[in-house]
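Fold and contact review
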Amino acid sequence: MTEAREEQGRDLIFALDIGTRSIIGMVGRTEGERVQILAVEKQEHSKRAMIDGQIEDIEQVGRVAAEVTARLENRLNCKLTRVCIAAAGRALHTQTGHFQLELPEVRRIGEDLIGQLEAGAVSEAEAALEQGGARLGRYYLVGYTVSQYQLDGYPLTTLRGHNGQKLEADVVATFLPAEVVDSLYAAMKAAGLEVVSLTLEPIAAINAAIPPDLRLLNLVMADIGAGTSDIAACRDGSVVGYTMATVAGDEITEAVMRAYLVDFPTAERLKAELAEQETLRFTDILGLEQELPAAELQAAIQPAVRQLADELARRIREVNGGAPSAVFLAGGGSKLTGLLPSVAAALEMDPRRVAIAGGNFKASAFSNDADLNDPEYATPLGIAVSAGLGLISDSYRVRLNGQPAKLFRSGVLTALDVLQMNGYTYADLIGRTGASLAVTIDGRRTLFRGEPAAPSVLRINGKELPPSTVIQAADEIEFTPAAFGKPGRRTLAEALGGEQAAARCLVNGMPAGPDYELRSGDAVETNVIVPVSAPEEAPAPAQAAAIPAPAAPVNAAPAAAVVWKAPAVSAAPAAPAAPAMPAAPVMNTVPASPVPAAYAPAASAAPASAAPVAPAAPALPRRRFVLNGETLLLSAKPGNAPYYLMDLLDRTGLDFDRLDRPVILQVNGENSAFMRILKDDDDILIREEDTPSV
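Residues numbered from 1 in each chain as written. Predicted model: local features only at pLDDT ≥ 70, side-chain atom pairs only at ≥ 80, totals over all residues. Heavy atoms only, no water.

Points about the sheet that holds strand 29 (residues 506–507)
Selection criterion: Criterion used throughout: strands pair if DSSP finds at least two bridges between them. Secondary structure follows DSSP: runs of H or I at least 4 residues long count as helices, runs of E at least 2 residues long count as strands, and numbering of each begins at the N terminus.
Strand order in the open sheet formed by 5 strands is 25-24-31-29-30, with mixed pairing between adjacent strands. Pairing within the sheet leaves two strands with one partner each, and these edge strands are strand 25 (444–448) and strand 30 (510–511). As paired strands, strand 24 (residues 437–441) and strand 31 (residues 523–525) are joined by 2 bridges and run parallel to one another. By the bridge assignment for strand 31, I441 is matched with V524.

Here you go:
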């Protein structure tokens with residue numbers, strides 16, 4: 001009977017590098033300020049399950065990941081369930097963004113203002129990406145790095161604690177296609193693993209190849225895999241940009257295949273043996289045994305090597321703004337004979353300034369069993385080091401609606417950050433009021449507003465909290481997106497105040513019944529009622545009741561004269577006047593115009609048989625609020641239901657589809673949630689945070 005294995009301990013870090021050609025797994029634990037690697041396993045894909053870093057066959061990748069995991073479990077005698085991974089930079093988009101805040105007066109700069117400033121800069125980067133046409137489909141904001149702060153025109157490395165009035169920030173933001181991330185999570189689920197942290201491969205690799213104390217220098221790390229080459233640049237103590245080249249080791253392999261008519265595995269073997277043997281032996285696709293001097297193969301692939309070096313140099317200059325002080329080459333492709341001098345020549349650098357990564361691995365990791373000074377280990381070792389040293393916390397697990405949330409960076413994360421990383425937008429937080437119904441009644445444009453959006457609900461560990469709440473490890477987030485409001489809808493009778501008023505109207509020149517549902521653009525005419533003449537022997541009684549015109553709906557433009565044609569009313573002789581028909585419930589009303597005598601209909605002498613009209617219900621008092629400094633009067637809701645802060649969003653003039661910064665929600669000076677119940681005379685503030693000066 002197989003002995004049950006212990007579950008993965010909290011101190012164990014399990015890192016998987018999911019590459020185009022192979023998957024490398026490492027397990028380690030933190031020992032002081034370094035990570036001890038306990039076991040390393042590598043398994044190549046049996047077929048091309050990935051292309052240029054993108055998973056094509058999720059089941060195949062899941063099977064290989066499960067094999068690597070099983071071998072590590074056998075060596076360590078434990079059950080591995082939590083994994084740290086990194087996403088390849090395929091179609092990675094890096095965009096700069098600049099933002100500034102000008103405060104009303106000099107004040108001390110705290111975390112709140114810094115957060116607003118950085119969020120604005122990231123929004124500017126995203127807007128620039130969209131304007132450039134790069135964002136096709138869903139993308140995730142992977143992360144960003146602040147490249148420079150300025151306070152009142154002076155550059156600073158940090159704003160925290162300083163006093164000033166004009167704040168500026170420049171950021172480098174990175175976006176990744178959603179399918180790259182989603183396929184990684186699906187493959188790990190197929191392998192029975194839970195992803196507890198996710199970062200970018202260039203971020204992980206640079207954490208292993210270039211320790212933080214070396215980042216004051218202008219250095220670049222290029223991780224050359226089989227399908228992609230990920231590049232990261234650092235200077236002045238921080239990482240300033242990431243990019244990717246879609247040329248890598250496979251281009252060299254394919255050049256060997258074309259030159260010597262061999263299959264892909266044979267070409268891979270010849271490429272690997274190039275630096276180890278003087279004579280290479282192989283069988284081509286025709287079944288012929290061949291011998292080849294290594295020097296001849298080197299000459300044959302040299303054009304492809306130069307092409308790879310030129311593309312790497314172009315990308316390095318692009319992300320770094322020019323040639324750096326030094327370049328580290330990592331990944332399996334960095335071992336290619338002749339690549340180092342070719343990259344140096346393409347960058348016009350001293351060849352001694354281009355080196356193979358690995359010499360700095362010992363600064364952050366060690367192993368008693370494995371030789372870690374292999375450039376191919378840059379990414380898996382970087383994932384493990386980042387997790388073990390706190391750059392990506394292995395215990396930093398957050399669940400969103402019952403599922404592990406996709407987290408791309410550690411540090412301070414708000415609930416809004418987590419929601420955005422998992423595909424939600426500001427519209428999901430705030431919602432959108434339903435489309436208004438715009439019609440014309442007797443030449444007057446009339447607008448019936450759509451219903452307000454149902455507010456979103458955000459609960460963290462069961463408590464309703466604002467999106468700015470900082471998320472902690474193991475938090476449980478429950479989020480229900482806002483439901484968009486229903487569009488404005490009215491029947492003809494509802495728009496005109498009743499079925500009697502709508503009985504003889506035309507809509508778009510055609511008769512329409514009281515139950516006709518109006519559509520935007522409809523033109524309603526009410527002045528089409530033909531008076532019924534009374535018999536000569538029966539003069540019209542003077543006491544015939546006049547029916548008032550319906551009140552004007554919301555936002556109706558004032559008219560010079562509104563003529564209302566009252567339908568004929570039958571009344572019994574000497575009977576008291578019928579009570580006036582109630583007006584339609586509206587928010588703003590104008591006095592009804594009197595019915596001119598020339599248009600007064602004659603009353604029938606026949607006795608009335610219609611049932612009396614029910615009297616109008618007592619009018620509820622209007623509600624009074626102060627919104628953004630202006631008095632706002634609103635009709636009471638049916639049943640005197642309360643008004644919520646959410647109900648006033650569509651009256652602020654904000655375009656919630658194009659927000660580029662957080663929105664302040666305050667009632668009487670206090671930050672408030674969407675569902676706060678409003679009281680009469682509440683002072684309400686709803687606006688975007690600190691609009692930048694032009």
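Description of the packing of helix 4 (residues 201–209) against helix 9 (residues 378–388)
The condition that has to hold: Axis definition: a line fitted to C-alpha atoms, limited for helices to the stretch in contact. Angles are taken between N-to-C directions and run from 0 to 180 degrees. Under this scheme an angle from 65 to 115 degrees is roughly perpendicular, one under 35 degrees roughly parallel, and one over 145 degrees roughly antiparallel; angles in between are oblique. Two residues form a contact once any of their heavy atoms are found within 4.5 Å. Residue type decides the class: Asp, Glu, Lys and Arg count as charged, Ala, Val, Leu, Ile, Met, Phe, Trp, Tyr, Cys and Pro as nonpolar, and the leftover types, Gly among them, as polar.
At a closest axis distance of 7 Å, the pairing of helix 4 and helix 9 adopts a crossing angle of 80 degrees. Comparing their axes, helix 9 and helix 4 come out roughly perpendicular. Seen from helix 4, the contacting residues are E201, A204, A205, N207 and A208; seen from helix 9, they are A378, T379, L381, G382, I383, V385 and S386. Of the residues in the contact of helix 4 with helix 9, the class split is 7 nonpolar, 4 polar and 1 charged.

Considering the pattern of salt bridges
Test applied: For salt bridges, the criterion is a side-chain nitrogen of Lys or Arg within 4 Å of an Asp or Glu carboxyl oxygen. Relative accessibility decides the category of a residue: with a 1.4 Å probe and only protein chains considered, values under 20% of the type maximum give buried, values over 50% give exposed, and everything between is partly exposed.
Evaluation of the coordinates by the stated rule reveals 22 salt bridges. In this structure, the salt-bridge partner of R71 is E41, at a minimum N-O distance of 3.0 Å. Here R71, found in helix 1 (residues 58–76), pairs with E41, found in strand 4 (residues 34–44); they are 30 residues apart in sequence, far enough to count as distant. Assessed through its relative accessible area of 26%, R71 is described here as partly exposed. Judged by relative accessible area, which is 15%, E41 ranks as buried. With a shortest N-O distance of 3.7 Å, E318 and R314 are connected by a salt bridge. Here E318 pairs with R314, and both are found in helix 7 (residues 294–320), just 4 residues apart, close to one helical turn. On the basis of relative accessible area, E318 is assigned to the partly exposed category, the value being 48%.

Side note on the pairing of strand 34 (residues 663–667)
Most of strand 34 sits inside the fold, with 4 of its 5 residues counted as buried. Two strands pair when backbone bridges link them, and strand 34 and strand 36 (residues 683–688) are joined in this way by 5 bridges, in the antiparallel orientation. Residue pairing across strands places I664 opposite R687, the latter belonging to strand 36. Where strand 34 and strand 35 (residues 670–671) come together, 2 bridges link them in antiparallel fashion. Counterpart to V667 in the pairing with strand 35 is E670.

Observations concerning the pairing of strand 4
Side chains on a regular strand alternate between the two faces of the sheet. In terms of strand pairing, strand 3 (residues 22–31) meets strand 4 through 10 bridges, oriented antiparallel. Across the sheet, residue I23 finds its bridge partner in strand 4, namely Q43. Hairpin connection of strand 3 to strand 4: 2 residues between the antiparallel strands, including G32 at a positive phi of 70 degrees.

Concerning the confidence of the model for the protein chain
Operational definition: The pLDDT score gives, residue by residue, the confidence of the prediction method on a 0 to 100 scale.
Confidence in the prediction for the protein chain averages 78 pLDDT; 79% of positions are at 70 or higher. Within the protein chain, strand 23 (residues 403–404) has the poorest average pLDDT of any element, 68, and helix 8 (residues 339–347) the best, 94. Of the regions scoring below 50 in pLDDT, residues 530–614 engages in 101 contacts with residues more than four places distant in sequence or in other chains.

What to know about the sheet that holds strand 34
Taking strand neighbours across the sheet as the criterion, the 5 strands line up as 33-32-36-34-35 in an open arrangement whose pairing is mixed. Taken across any chain shown, the strands that pair with only one partner, and hence form the sheet edges, are strand 33 (630–634) and strand 35.

Let's talk about the nonpolar core
Side chains of nonpolar character tend, in soluble globular proteins, to be buried together. Rules: Buried residues of nine kinds, namely Ala, Val, Leu, Ile, Met, Phe, Trp, Tyr and Cys, make up a nonpolar core once their side-chain atoms join them within 4.5 Å.
Ranked by size, the top nonpolar core spans 69 residues in total, and within it L16, I85 and M188 carry the most contacts. In contact with L16, not counting residues within four places along its chain, are I23, I24, G25, A65, V68, V83, C84, I85, A86, M188, L193 and I383. One finds I231, V319, V343 and A346 within the second-largest nonpolar core, a separate group that totals 41 residues.

A look at the packing of aromatic side chains
The test is simple: Working definition: rings of Phe, Tyr and Trp (its six-membered ring) pair if their centres are within 6.5 Å, and the pair is stacked with planes under 30 degrees apart, edge-to-face with planes over 60 apart, and tilted otherwise.
In the structure shown here, the tally under the stated rule is 3 aromatic pairs. Arranged with centres 6.1 Å apart and planes meeting at 70 degrees, the rings of Y260 and F282 form a pair that is edge-to-face. A residue pair is termed long-range when its members are at least 10 positions apart, and Y260 in helix 5 (residues 249–260) and F282 in strand 17 (residues 279–283) qualify at 22 residues. Ring centres of F625 and Y643 lie 5.9 Å apart, and the angle between their planes is 70 degrees; on these two criteria the pair is classed as edge-to-face.

Concerning helix 7
The condition that has to hold: To get the bend at any residue, fit one axis to the seven residues that end at it and another to the seven that begin at it, then take the angle between the two axes.
Maximal helix bending in helix 7 amounts to about 45 degrees, located at Q302; proline P303 follows within four positions. Two residues or fewer past helix 7, G321 is found with a positive phi of approximately 80 degrees.

With respect to the side chain of E118
The line we're drawing: His residues and chain termini do not enter the charge count, which takes Lys and Arg as positive and Asp and Glu as negative. N or O atoms closer than or at 3.5 Å make up a polar contact, with two conditions inside protein: a donor-capable atom paired with an acceptor-capable one, and, for residues adjacent in sequence, both atoms drawn from side chains.
For E118, the position within the fold is in helix 2 (residues 111–131). At 6.5 Å, R160 is the nearest oppositely charged side chain to E118, a buried residue that forms no salt bridge. Within the structure, the side chain of E118 is placed 2.4 Å from the side chain of Y149, a separation counted as a polar contact. Setting aside residues up to four positions removed in sequence, E118 forms contacts with Y144, V146 and Y149.

Some words on unusual backbone geometry
Of note, the phi angle at N461 is positive, near 55 degrees, even though the residue is not glycine. Among the structural elements, N461 can be located in the loop between strand 26 (457–460) and strand 27 (463–464). Overall, the relative accessible area of 48% leaves N461 in the partly exposed class. With a phi angle near 55 degrees, N668 is a residue other than glycine that sits in the positive phi range. When you line up the elements, N668 lands in the loop between strand 34 and strand 35.

As for helix 6 (residues 264–273)
Looking only at helix 6, the buried set comprises F264, T266, A267, L270, K271 and E273. Packing partners of the buried residues in helix 6 comprise helix 5, strand 17 and helix 7.

A word on the packing of helix 7 against helix 8
Our working rule: In this scheme, a crossing is called left-handed if the near helix is turned counterclockwise away from the far one by less than a right angle; it is called right-handed if the turn is clockwise.
Put simply, helix 7 and helix 8 touch, their axes get as near as 8 Å, and they point 50 degrees apart. In terms of their interaxial angle, helix 7 and helix 8 are classed as oblique. Crossing hand, helix 7 versus helix 8: right-handed. When helix 7 is examined against helix 8, the residues Q302, V305, L308, A309, D310, L312, A313, I316 and R317 are found in contact with a partner set consisting of L339, S342, V343, A346 and L347. Looking at the contact of helix 7 with helix 8 residue by residue, the class counts come to 10 nonpolar, 2 polar and 2 charged.

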